[in-house]
Structures are given as structure tokens and as C-alpha cells.
Amino acid sequence: MKKDTLLMISLLLGAGGCLAETPVNSLTAAFEAGDDGLVGNAVAEADGVSYSTTGAWEYSAVGLEPSQQITVSANEFKNICALTVIVENEWSYLSPEKASLTIVSAKGEGIESLQDLNCNLTSNFTEYNNVELDAKTGICRFDFGSGVRLSEVTFTSNIYVGVSEMKMVLDVTPLVPSEPVKVYADDIVPFQKQSNNVNYRYFVSDDTDNIIDDPEELDDKLEPVPDEGITLKGKPDGDYMVYVTGPENFTPAIRHMKVSYVSEPPTSAIAPQSADATTAATYDLLGRRITPSTRGLQIRRTATKSTLILLR
């Protein structure tokens, strides 16, 4: 069977064999058997997705004993929303339904315990006859729940299995501020890309009363986001709605943010800050509380104002 068919089956089969929900804008980082280990595809390489294991490389697969683990990580964008694991074994003496994987730890935004994953922590394999490999193969998948995006997840097996492939669904929908922001002069309009593989596009509208949510209405207006970022330089002072979405081959998941633009720099310029330069409350672009030492674009609030800063 062709690999694209295998991928489709692995996407559809979740815990219990149910149809899994996949984000509209998503990519798959995959690791497949190579000469000396599991090798990442182009998405995994560009987006810094990696894995580590206490198991050993045996016979074109990672041999995983019940006492051993595999950890997959996406530390740059923290956007893993589903995990599919494909194993090979001698199913002739053991029914695959008796083999299972269990999630033993996970890290991500808002994840304080494993129960926050909103999925079964243990998943049985579904038997699948892989004609290409001339071997019987087991497939299982974990979907971590609506809104859950992980930077790291670790699993183990209840019996010995040979892990021959892993696939991580990555949500690459761009992140934008949840509240209106103000930018000055040639400041960069804040948005966070979620992949190095995506050529994000944008459109600036001076109509802030009517939000465009029809992808077809925006399609011929969108332009690639410049390497230096989005600016409103050259536009009149005022309020704008900035839309950001994925490339043309994606079904657009439109994100928008209201931006107040002032063409003159502020009297006290917004500049990169040191980690100990403020005692204000600090939030990310989605309005979630973060530590003052978190790097990147942030919103810092005092009792009288909100300020957009860049912490290097």
C-alpha cells in the first residue's frame, strides 16, 4: 500500500478507531526508518521537531521495551496537536489489540496534568497489513484535545514493539494578539508564525467595523508577509484591521487583529528590554500571562497603559 494511503489511515484512526479532528492549517512532521535511526522529513527538520529514546535501534526500528520511552519535541513552536505511532511486530503470536502505548508525560501551554490532554492516555493498536513492508503493522493515534498544543510528549509501550514511524500533526495557524495593539512609525505589527515551512500572507484593511471571515473575499488581496515583518509605514494615522493566513494551498484559517497606527515615533521609544527591566504584568500576544523573562514580542501592562515590547 502506498505511503499516502498509510498516512490517511493513520490520520483517521484515533483511540478507538474514531475520526480524528485535524486543524485546518496543519502540517505533519514525520520520522521514518533510515539506515541508523528514524529520520525526520523536511517539516521536522525546518521546524526543529525532534525525538529522543531510551530504546535501541534494532532491525530498522526503535526497539521499545515496557521500561523504555520515546519523547517527541517541538520546542520552537510548541504546536503538536496529535501523535500517530506505527510499529512492527510478530502479530502471528500476539494480537495487536493486546499491545498499547501510554502517554506518561506532556508539556504545553495550560498543561498542568495529563488529564488536561482531553484524550485517552492509553491507546491500543489497530492491526494493518503493510504490503510494502511485507509485514503486519500496528497503528495508534493520540489526539490531545481542542486547543491543546504541546511542546513535548513522552510515551511507553506495554510490550516490546519496534517503532518504525512516528507522525506529529502540527497546528501552524498564525497567532495574533487577542486585544487591540498600537504600533508606531515602522514598528512591526505583532503576529507569531507557527512554522518555518509556511509562507504566511496578510492584508491590511481600513474597515475595522466589518470583519472579513470569507476566505474567497480575501484571496486576491493577500500578499506574502515580508521577511522583515508586517509594517504600516506610509499609511495615514488611524485604526486598521490586519488579516493573516496561510499560503494559497491551505484552506485559510483567517486571523485578524485591530491595530492603531501612529506614524510618528513615541516620545519614549519602544525598545528591546532586559529580562529585569519591568515589574508590570506580562502577557503573550494571545493575552495569556507569561513570565517577564519570556523572549519575543509581549504585551506589558501597568495600571495606566499597555506597551508592546520585544524581549531579545
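Our structure's up above, just so we're on the same page.
Residues numbered from 1 in each chain as written. Predicted model: local features only at pLDDT ≥ 70, side-chain atom pairs only at ≥ 80, totals over all residues. Heavy atoms only, no water.

Details of the sheet that holds strand 17 (residues 238-245)
Across a sheet, strands are paired by hydrogen bonds formed along the backbone, either parallel or antiparallel in direction. So the rule is basically this: In short, DSSP must find at least two bridges between two strands for them to pair. Numbering of helices and strands starts at the N terminus; helices are DSSP runs of H or I of at least 4 residues and strands are runs of E of at least 2.
Sheet architecture is open: five strands sit in the order 14-18-17-15-16, paired in mixed fashion. Only two strands of the sheet have a single neighbouring strand rather than two, namely strand 14 (181-184) and strand 16 (223-224). Looking at chain direction, strand 15 (residues 201-205) and strand 17 are connected through five bridges and run antiparallel. When the sheet's bridge partners are listed, Ser205 is paired in strand 17 with Met241.

Description of the pattern of salt bridges
Rules: When a carboxyl oxygen of Asp or Glu is within 4 Å of a side-chain nitrogen of Lys or Arg, the pair counts as a salt bridge. Summary of the burial criterion: residues with accessible area below 20% of their type's maximum are buried, those above 50% are exposed, and those between are partly exposed, where the area comes from a 1.4 Å probe applied to protein chains only.
Taken as a whole and judged by the stated rule, the model has five salt bridges. Asp171 is the salt-bridge partner of Arg149, the closest N and O atoms lying 2.9 Å from each other. Highlighted residues: Arg149 in the loop between strand 11 (135-143) and strand 12 (150-157) and Asp171 in strand 13 (residues 161-171), separated in sequence by 22 residues. Arg149 gets classed as partly exposed once you look at its relative accessible area, which sits at 21%. Using a relative accessible area of 13% as the deciding quantity, one classes Asp171 as buried. With a closest N to O distance of 3.6 Å, Asp219 and Arg201 form a salt bridge. With Asp219 in the loop between helix 3 (215-218) and strand 16 and Arg201 in strand 15, this residue pair connects regions lying 18 residues apart in the sequence.

Side note on the side chain of Lys167
Operational definition: Counted as a polar contact is a pair of N or O atoms within 3.5 Å, where, for protein atoms, one must be capable of donating a hydrogen and the other of accepting one, and residues adjacent in sequence contribute only when both atoms are in side chains.
Its location among the elements puts Lys167 in strand 13. Looking at Lys167, the relative accessible area reads 8%, which means it is buried. A distance of 2.7 Å separates polar atoms of two side chains, one belonging to Lys167 and the other to Glu165.

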